[in-house]
Amino acid sequence: MSEKSEKHDERLSVLKTYKLFVGGTFPRSESGRVYEVTDSQDRWLANAPLASRKDARDAVVAARKAFGGWSGATAYNRGQILYRIAEMLEGRREQFGHEVARAEGLSRTEATAAVEAAIDRWVWYAGWTDKIAQVAGGGNPVAGPFFNVSSPEPTGVVAVLAPQESSFLGLVSVIAPVIATGNTAVVVASETSPLPALSLGEVLATSDLPGGVVNVLSGRTAEIAAPLAAHQDVNAIDLTGAGEALAKELEIAAADNLKRVLRPQPVDWAADPGTGRLLAFLETKTVWHPMGV
């Protein structure tokens, strides 16, 4: 082989630029800041955007804008879109397996199993979109000439602090039930392992999911979560990814506009998720209607 050919083969790989996912687009942090993400062996993986308070506020605006259309869509249509997300992830299993393995220090076999479980979870929640109303609502027996019917409705914009230790399966397990029930989400990715979450944004952008339904931020959990907990246009907050001290601070801030709060608790992300998270961010509307005489 000639010297010229050898030099041609010695090329630099194209490193991936990770960005936030807000309103269906991929902005950098408005502050221009990044932080180093390392693997379990403290080896550099990438620079991730260090989201600011302004990024958090922009994400809330995008989520609110998307809420009307998403909550007004049929449950069947939402299920189709969640299934489409699973389809798109199925085609990128190798990429996500590689990212999860590096992020969590897992073997490729373990990481592949986690990714496949996350894909299956999207399918599982897709199947629940048009069934949860039968679990959370129905006709109520009343004394009097009335029909009395209760039906679940989405709470609104939900801030979600993704689990710190489960960068993908745990992430999907907290996002999917929020949007399956018609809410929109502002997600704060795992601080130490944000890359799978940022890559998920690329999948969501190509899965028929309307822009703004899911917004993904990376950075310091406490810095991003504080303005979200105090934001008057955020209706609920999932504190899964917050430590005990931070969770208490955020719960106090959330009380200002009576946000629904899902407190952190030990979770086996590989176990059957049940309907608890589907019901966590639903409101019940009860309608009384007089019977005809």
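Data block above holds the structure.
Now for a quick tour of the structure. This one's a predicted model, so the numbers in the text were calculated from it and none came from an experiment. Each chain carries its own residue numbering, running from 1 in the written order of its sequence. In keeping with the predicted nature of the model, local features appear solely for residues at pLDDT of at least 70, side-chain atom pairs appear and are counted solely at 80 or more, and the whole-chain, interface and lining totals rest on all residues. The side-chain figures draw on all heavy atoms in the structure; neither hydrogens nor water molecules are used.

**Description of the packing of aromatic side chains**
When we look at a pair of aromatic rings, we describe it by the centre distance and by the angle of the planes. Aromatic rings from Phe, Tyr and Trp, taking only the six-membered ring of Trp, are treated as a pair when their centres fall within 6.5 Å; an angle between ring planes under 30 degrees marks them as stacked, one over 60 as edge-to-face, and anything in between as tilted. Counting across every chain of the model gives five aromatic pairs. Judged by centre distance (5.1 Å) and plane angle (35°), the ring pair of Phe 21 and Phe 26 falls under tilted. Accessibility here uses a 1.4 Å probe with only protein chains present; expressed as a share of the type maximum, an area under 20% marks a residue as buried, one over 50% as exposed, and anything in between as partly exposed. Its relative accessible area of 32% is what places Phe 26 among the partly exposed residues. Three or more aromatic residues link up through ring pairs in this structure, and these residues are Trp 124, Tyr 125 and Trp 128. A positively charged side chain is recorded as over a ring if its NZ (Lys) or CZ (Arg) lies within 6 Å of the ring centre. The angle to the ring normal must also be within 35 degrees. Of note, Arg 64 hangs over the ring of Phe 67, and the distance from its end group to the ring centre comes to 5.6 Å. The ring of Tyr 35 has Arg 220 lying over it, and the distance from NZ or CZ to the ring centre is 4.5 Å.

**A few points about the environment of Ala 103**
We count a stretch as a helix when DSSP gives it H or I for four or more residues in a row; a strand needs E for two or more, and each element gets its number in order from the N terminus. Mapped onto the elements, Ala 103 comes out in helix H4 (residues 93-104). Under the relative-accessibility criterion, Ala 103 is labelled buried at 14%. Distance in space between the C-alpha atoms of Ala 103 and Ser 166 is 9.2 Å, their sequence separation being 63 residues. Excluding residues within four positions of it along the chain, Ala 103 makes contact with Ser 167, Ser 193 and Pro 196. Residue contacts are counted whenever heavy atoms from the two residues lie within 4.5 Å of one another.

**Notes on the sheet that holds strand E10 (residues 282-290)**
The pairing criterion for strands is at least two bridges between them, as found by DSSP. Pairing is antiparallel in the open sheet, where three strands are placed in the order E3-E4-E10. The open sheet has two free edges, formed respectively by strand E3 (138-139) and E10, since each of these has just one partner strand.

**What about the pattern of salt bridges?**
The term salt bridge refers to a pairing of a side-chain nitrogen on Lys or Arg with a carboxyl oxygen on Asp or Glu at a separation within 4 Å. Summed over all chains, the structure comprises 15 salt bridges. Glu 90 is the salt-bridge partner of Arg 93, the closest N and O atoms lying 3.6 Å from each other. For Glu 90, a relative accessible area of 41% corresponds to the partly exposed category. One salt bridge connects Lys 285 with Glu 153, and the closest N-O pair in it is separated by 2.9 Å. Taken together, the positions of Lys 285 in strand E10 and Glu 153 in strand E4 (residues 146-154) put the pair 132 residues apart, joining distant regions of the chain.

**Quick word on the packing of helix H9 (residues 221-230) against helix H10 (residues 244-254)**
As a rule, the C-alpha atoms of each element are fitted with a line to give its axis, helices using only the stretch in contact, and angles between N-to-C directions run from 0 to 180 degrees. It is the contact of H9 with H10, at a shortest axis distance of 8 Å, that shows an interaxial angle of 20°. Looking at the two axes, H9 sits roughly parallel to H10. Between H9 and H10 lies a crossing of right-handed hand. Facing H9, whose interface residues are Thr 221, Ala 222, Ala 225, Ala 226, Ala 229 and Ala 230, H10 presents Leu 246, Leu 250, Ala 253 and Ala 254. Classification used: nonpolar for Ala, Val, Leu, Ile, Met, Phe, Trp, Tyr, Cys and Pro, charged for Asp, Glu, Lys and Arg, polar for all others including Gly. A per-class count over the contact of H9 with H10 returns nine nonpolar, one polar and no charged. Should an angle lie under 35 degrees it is considered roughly parallel, over 145 roughly antiparallel, and from 65 to 115 roughly perpendicular; all remaining angles are considered oblique. Throughout, a crossing is termed right-handed when the near helix is turned clockwise from the far one, and left-handed when it is turned anticlockwise from it by less than a right angle.

**A few points about the packing of helix H3 (residues 75-90) against helix H8 (residues 195-205)**
Relative orientation of the contacting elements H3 and H8 amounts to 120°, with a least axis distance of 9 Å. As summarised for this structure, H3 and H8 are arranged oblique, according to the angle between their axes. Of the two elements, H3 crosses H8, and the hand of that crossing is right-handed. Mapping the contact onto sequence places Ile 85, Met 88 and Leu 89 in H3 and Leu 200, Val 203 and Leu 204 in H8. Looking at the contact of H3 with H8 residue by residue, the classes come out as six nonpolar, no polar and no charged.

**Focus: the nonpolar core**
Leu 89, Trp 122, Phe 168, Ile 179 and Val 214 are the most contacted members of the largest nonpolar core, which totals 59 residues. Contact partners of Phe 168, with chain neighbours within four places excluded, come to Leu 89, Phe 96, Val 100, Glu 104, Val 115, Ala 118, Pro 196 and Leu 200. Residues belong to one nonpolar core when they are buried, are Ala, Val, Leu, Ile, Met, Phe, Trp, Tyr or Cys, and are joined through side-chain atoms within 4.5 Å.

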